[in-house]
Structures are given as C-alpha cells and as structure tokens.
Amino acid sequence: MIWIRADANHKIGSGHVMRCLSIAGELKRQGEEVCFLVADEESLPLLQARGQEFLVLHSDYLEPEGELERLEELLRERKPDFFLADSYYVTEAYLSRVRRLVPVGYLDDLGRDFAVDLLINYNIFCDDFSYRMMPRDKMLTGVAYAPLRKEFSEVSYRVREKAARVLITTGGSDGYNLAGQLLERVLSHPPASGLEYRVVSGAYNQHLEKLEALAAGRPNVQIYSNVSQMQELMKECDIAVSAGGSTLYELCAVGVPMICFSFVESQGRIVECFREKDLVCYGGSYLTLGKQLLEDIADNIVRLMEDPALRRKYSEKMKSLVDGQGAARIAERLTAGRKGS
C-alpha cells in the first residue's frame, strides 16, 4: 500500500491532487494499492469521481504538523509501504517524523532540500535548484517525470492551416476570474472576436456562473467544467491560453501551440522558463501587468492565428519536450523501491 498526502481546495486549486492521481493511476495499473490522505473534505469530489480510496485527517492544510499525532497512529496501525507527500506546507520536521515509521518521498516545486528517500521535481526549471542533502540515485528530476494522465501518452495532433478554436484554461481555481476577463477582452477585439472559444472552468473556480452568463447567446463560446477528457478537448483546439502549472506539460504532450501566463507567484518561474526556451508565446504576469496582460494575450492570439508556421514550430518543440510517460516512470520507481530492488 502506498499513501499519498495531498490537498485541493478553492485557494490552492487542484494541481497537487490531480498530478498525484496520475501517479496513483499508474501505481494501480502496476498492481499497487493507493490511499490518499487529505486535510479536509474539500478534496473529496476529485477523489470520489475517480473511485480513489482516501482518509480525511480533519486538520488544517496550512499547518500539517498539527495532524502528526493522528497520522502517526494511522501509520502504526495500517503500516503502508511508502508515503509520498505533495504539499508546500509540510516541513522538514513533519517529514522526519513520518520517515521514522515509513519511507518517504516528496514531490517538490520549490527547491526544498529535505532529507527523504525519494525526491521528485519534474519542472522545466529543476536545474535551478541544488539538492545538497539528496544523493543523485534518490532523485527523479526533469520533464521526463512530468506526471500526466495516461491519456496524454502518444497523442497524435495536427497543426491546421487555419486556426479556428482557442482553449482558455486557468487551472483549478481562478480568484481573479481571469478566464472571464480574458473572454470579455477577446470578444471585443475585432481580429480575435470571430474565433471559437472553449473555456475550462476548474473544479474550484467560484466564477462559473459568471462565465456561463458571459457565454449565453454567443454560439462561438462554450464553457466546460468537470472535464474528464481534457486531451480530446485540447486536440480540437488550434491555440491554447493557459496559466502556469501542470496544464503546460499536458499541452506540450498534445502539441497545442500556446500562450502562457501567471497570476500567482508559484507559477512565475515555469512560465518564464517556457519563454526562455522559446516554446510558447509569453503572456506575462497578472501580478505585474494587471489589465495589460489581457491586451497582450489578445494580441498573441491574433499573432498565432495569422502564422501557421509559428504554430507548427511551437507544436514540434513542445511535443519533443514531453512524452506523457512521466507518471509511469515515477510509479515504476516507487514499486521498485518498495520491493527493495
């Protein structure tokens, strides 16, 4: 049995749980049992929709050390084989105490140099970090380990000569309603207003009703929520506009030319790194640009729409970066480690 500790809610979105669900899916395909541990009930709709076993710790996701007494009781009672943590809020002391009872892995985005049994950092910018406490043989780093769902492996995608459809996605939560703001802007931007827009509202987006009201009476706008086949939706689109996060790696695996942007600090480095590697059109940061971000994205939509050669270039470079096998590679390592090989 492998335990995964992650949370999702309207403040942090769904990214941590979703990427761990990808790993869990591969573990199950390899015959492993998986149980998620979550702080509270906010994560449950994502887990229940996928039939995933879970335990609720009834703790504060911001202060995970407060759950340690209960967690240690569960570890002694149920004796899992491995514990994988995916949280920005766990501390070195937290992981050290858990590690006394079970081998521990940590899924890192921030360069946190914890002493664990397996460290995973699949980010495009992972070389920025120096993990002095971690031996190389206990690390899985680089985009080869991007934990995408099975649907994102071996995807066939064709860049069409004429761009007609644009995907807009802002992640699991969208506190600024940037999807709505952007949609309003492009619909009033003559060169871009005639395109079809497919807007994905994340599981914790509190602005879904506003998006649906904006789409009412507009046949070229469709709003999607609780999307189960994201790869199929991506394949139907010619351009994507996406906030930083795991969705960027999904779009790479499919090959959809994209414009990326950030609206929280944790997204900034991934978006900058995609720009530095000339993989995308760069939208910028909402935190620094404000409303100007909407103008820049609208202009970049037109730029990509009018230049099929540029779309082909981006698509080819993106697909060469991500093959969609990262979750399987992580699962293979976790099962090999559990068996002591």
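Model, not experiment: these values are computed from the prediction. (Residues numbered from 1 in each chain as written. Predicted model: local features only at pLDDT ≥ 70, side-chain atom pairs only at ≥ 80, totals over all residues. Heavy atoms only, no water.)

Attention now goes to the overall build of the protein. Counting secondary structure elements, the protein contains 13 helices and 13 strands. Computed over the C-alpha atoms, the radius of gyration of the protein is 20 Å, within 12% of the 20 Å expected from 2.2 N^0.38 for a compact globule of 341 residues. For the C-alpha atoms alone, the extent of the protein along its principal axes is close to 65 × 35 × 35 Å. Counting every position in the protein, which comprises 341 residues, the buried fraction comes to 57%. Considering only residue pairs separated by 6 or more positions, the protein has 61% of its internal contacts joining residues 24 or more positions apart. Summed over all atoms, the accessible surface of the protein reaches about 14,400 Å², with 46% contributed by carbon and sulfur. The centroid of the 42 positive side-chain charges in the protein is displaced by 4 Å from the centroid of its 50 negative side-chain charges. (Helix = DSSP H or I, 4+ residues; strand = E, 2+ residues; numbered from the N terminus. Rg over C-alpha atoms; globule rule 2.2 N^0.38 Å. Buried < 20%, exposed > 50% of the residue type's maximum accessible area, 1.4 Å probe, protein only. Contact = heavy atoms within 4.5 Å. Areas by Shrake-Rupley, 256 points an atom, 1.4 Å probe, with all protein chains shown as cover. Lys, Arg positive; Asp, Glu negative; His and termini not counted. Charge placed at Lys NZ, Arg CZ, Asp CG, Glu CD.)

Attention now goes to the nonpolar core. Among the nonpolar cores identified, the biggest contains 97 residues, and Tyr197, Tyr249, Phe274 and Ile301 are the most heavily contacted of them. With residues near it in sequence (within four places) discarded, Tyr249 still touches Tyr122, Asn123, Ile124, Val143, Ala146, Leu148, Ile270, Phe274 and Val322. Formed by 24 residues, the second largest nonpolar core is a distinct cluster that contains Leu37, Leu74, Val90 and Val102. (Core = buried A, V, L, I, M, F, W, Y, C linked by side-chain atoms within 4.5 Å.)

This structure, assessed with the given rule, holds nine aromatic pairs. Pairing Phe125 with Phe129 gives two aromatic rings, centres 5.9 Å apart and planes at 85 degrees, and the pair type is edge-to-face. Residue classification places Phe129 among the partly exposed positions, given a relative accessible area of 26%. Ring centres of Phe261 and Phe263 lie 6.4 Å apart, and the angle between their planes is 35 degrees; on these two criteria the pair is classed as tilted. The cationic tip of Arg275 hangs over the ring face of Tyr282; the distance from NZ or CZ to the ring centre is 5.2 Å. (Phe/Tyr/Trp six-rings, centres within 6.5 Å; stacked < 30°, edge-to-face > 60°. Lys NZ or Arg CZ within 6 Å of the ring centre and 35° of its normal.)

What follows deals with the sheet that holds strand β11 (residues 239-243). Strand pairing in a sheet takes place through backbone hydrogen bonds and is either antiparallel or parallel in direction. Taken in spatial order, the six strands line up as β10-β9-β8-β11-β12-β13 in an open sheet, and their pairing is parallel. In the strand order of this sheet, the two ends are held by β10 (221-225) and β13 (281-285), each with one partner. Strand after strand, the sheet turns through a mean of 15 degrees between neighbouring axes, direction not considered. As judged from the five bridges shared by strand β8 (residues 165-169) and strand β9 (residues 196-201), these two strands associate in the parallel manner. Opposite Ile168, over in β9, you have Val199 as the bridge partner. (Pairing = 2+ DSSP bridges. Axes fitted to C-alpha atoms, helices over the stretch in contact; angles between N-to-C directions.)

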